[in-house]
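Below are the chains, spelled out letter by letter.
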Amino acid sequence: MPTTADIFIPCFVDQLYPATALNMVKVLERVGVQVNYNPDQTCCGQPAYNAGYQDQSRAVAGKFLQDFAAPAQDQQRFIVSPSASCVGMVRNSYNELFAGTAQQPACGAVQRRTHELTEFLVDVLGITAIPGARLEGKYTYHDSCSALRECDIRPQPRQLLDGVAGLERIEMAETSTCCGFGGTFAVKFEAISVAMAQQKVEHALDTGANFIVSTDVSCLMHLESYIKREKLPLKCLHVADVLASGW
């Protein structure tokens, strides 16, 4: 029986980076995963949660639990997302939202099945290279706060990217330092946020890399805006975009 994955496409990926979502599907199907998409899905509830609106966030998160409830006969079915930020929300913040509620058992079941793309490929499927993936150039990797601190994701994307033909990794200084996005942080503390992006981009430039790659397009969107404004010779790519290159 083939591995089945229900994919969760975050709001900002759906609206701003749909090609990344399609590339994730291409990668999953490339390695034999049967992909399902529920068009009724919306949001994980993170924006409201981070802004302090727990009741509103719980309502949205409750819909997420309904949208991704597995059939009774298929509890091993996986949920895969191209966003460590959203996965971190489901795995961690849902504990607070649903503690002591009637939805707590359903929450636990969904949490156990939810994975970020690279950890799903490496840790669940045991895949460390995507057949045919090729991209010429040098890349440096940005560890998003959510991936590193909420999901314990660090080696998995590097393993997959290092398996891409023609691509060379050069680690930048302070790779685990925040890029400055932080959702509403970038709005409330614009000057600090921009300064953090500048520092991150300067570290990337120092490596001589062509690409900054990460698991989170929210970070990449923030960095890309600074790069474009300053007309710098760097391109931001989500890991799924890299893994789907060349075939």
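Just so we're clear, the structure is a prediction, and the values are computed from it rather than from any experiment.

**Student:** Can you help me understand helix H2 (residues 18–30) in this one?
**Tutor:** The α-helix advances 3.6 residues per turn, and as a result positions three or four apart in sequence lie on the same side. Its 13 residues give H2 an end-to-end C-alpha distance of 18 Å, which sits within 8% of 18 Å, the value for a rise of 1.5 Å per residue. Buried residues of H2: Thr20, Ala21, Asn23, Met24, Val25, Val27 and Leu28, and no others. Where H2 terminates, the next one or two residues include Gly32, which has phi positive at roughly 90°.

**Student:** Any chance you could explain the packing of aromatic side chains here in plain terms?
**Tutor:** The way to describe two aromatic rings as a pair is by their centre distance and the angle between their planes. Counted under the stated rule, the structure contains six aromatic pairs. Aromatic rings pair up to connect Phe8, Phe64, Phe68, Tyr94 and Phe98 into one cluster. The ring of Trp247 is capped by Lys26, whose NZ or CZ atom sits 5.1 Å from the centre of that ring. The ring of Trp247 carries Arg30 above its face, with NZ or CZ at 4.3 Å from the centroid.

**Student:** In this structure, what is going on with the sheet that holds strand E6 (residues 165–169)? I would like to understand it.
**Tutor:** Two orientations exist for strands paired in a sheet by backbone hydrogen bonds: parallel and antiparallel. Sheet architecture is open: four strands sit in the order E6-E5-E7-E8, paired in parallel fashion. Here the strands that pair on one side only, and so sit at the sheet edges, are E6 and strand E8 (235–238). Ignoring which end each strand starts from, the neighbouring axes of this sheet average 35° apart. In this sheet, strand E7 (residues 211–214) lies alongside strand E5 (residues 134–141) in parallel orientation, the contact comprising three bridges. Counterpart to Tyr139 in the pairing with E7 is Phe211. Where helix H12 (residues 217–230) meets the sheet, its contacts fall on E7 and E8, and the angle it forms with E8 comes to roughly 170°.

**Student:** Could you clarify how one ought to interpret unusual backbone geometry in this entry?
**Tutor:** Trans is the common state for peptide bonds, and a negative phi is the common state for residues other than glycine. The phi torsion at Glu174 lies on the positive side, around 50°, for a residue other than glycine. Locating Glu174 in the fold gives a position in the loop between E6 and helix H10 (185–188). Residue class for Glu174 comes out partly exposed when judged on its relative accessible area of 43%. Unusually for a residue other than glycine, Lys231 sits at a positive phi of about 55°. Assignment of secondary structure puts Lys231 in the loop between H12 and E8. Among the residues examined, Lys231 registers a relative accessible area of 73% and is labelled exposed.

**Student:** Can you help me understand the packing of H2 against helix H7 (residues 117–124) in this one?
**Tutor:** The relative placement of two packed helices is expressed as an angle between their axes plus a distance between the axes. Packing of H2 against H7 leaves a shortest axis separation of 11 Å and a crossing angle of 10°. If you check the angle between H2 and H7, you find them roughly parallel. Where H2 abuts H7, its residues Met24, Val27 and Leu28 lie against Leu117, Phe120 and Leu121. Residues that form the contact of H2 with H7 fall into these classes: six nonpolar, no polar and no charged.

**Student:** In this structure, what is going on with the pattern of salt bridges? I would like to understand it.
**Tutor:** Oppositely charged side chains are able to pair whenever their charged atoms sit close together. In this structure the tally under the stated criterion is eleven salt bridges. Arg169 is the salt-bridge partner of Asp162, the closest N and O atoms lying 2.5 Å from each other. According to the relative accessible area criterion, Asp162 is partly exposed, its value standing at 37%. Glu230 is paired through a salt bridge with Arg229; the nearest N and O atoms lie 3.0 Å apart.

**Student:** I tried to follow the pairing of E5 on my own but got confused; where do I start?
**Tutor:** Two faces belong to every sheet, and in a regular strand the side chains alternate between them. Inspection of the sheet shows E5 paired to E6 by four bridges, in the parallel sense. Directly across from Arg134, in E6, lies its bridge partner Ala165.

**Student:** Would you explain H7 in this entry?
**Tutor:** H7 sits mainly inside the fold: six of its eight residues count as buried. At its buried positions, H7 is contacted by H2, strand E3 (78–81), helix H5 (84–98), strand E4 (114–116), helix H9 (155–162) and helix H13 (239–243).

**Student:** Any chance you could explain the sheet that holds strand E1 (residues 4–7) here in plain terms?
**Tutor:** Ordered by their spatial adjacency, four strands build an open sheet running E2-E1-E3-E4, and the pairing between neighbours is parallel. Pairing within the sheet leaves two strands with one partner each, and these edge strands are strand E2 (34–36) and E4. On average, each strand axis in the sheet is tilted by 35° relative to the strand beside it, whichever way the strands run. This element, H7, spans E3 and E4 of the sheet and lies at about 100° to E4.

Quick notes on the rules
Residues numbered from 1 in each chain as written. Predicted model: local features only at pLDDT ≥ 70, side-chain atom pairs only at ≥ 80, totals over all residues. Heavy atoms only, no water. Helix = DSSP H or I, 4+ residues; strand = E, 2+ residues; numbered from the N terminus. Expected span 1.5 Å × (residues − 1). Buried < 20%, exposed > 50% of the residue type's maximum accessible area, 1.4 Å probe, protein only. Phe/Tyr/Trp six-rings, centres within 6.5 Å; stacked < 30°, edge-to-face > 60°. Lys NZ or Arg CZ within 6 Å of the ring centre and 35° of its normal. Pairing = 2+ DSSP bridges. Axes fitted to C-alpha atoms, helices over the stretch in contact; angles between N-to-C directions. Contact = heavy atoms within 4.5 Å. Parallel < 35°, antiparallel > 145°, perpendicular 65-115°, else oblique. Nonpolar A, V, L, I, M, F, W, Y, C, P; charged D, E, K, R; others polar. Salt bridge = Lys/Arg side-chain N within 4 Å of Asp/Glu carboxyl O.

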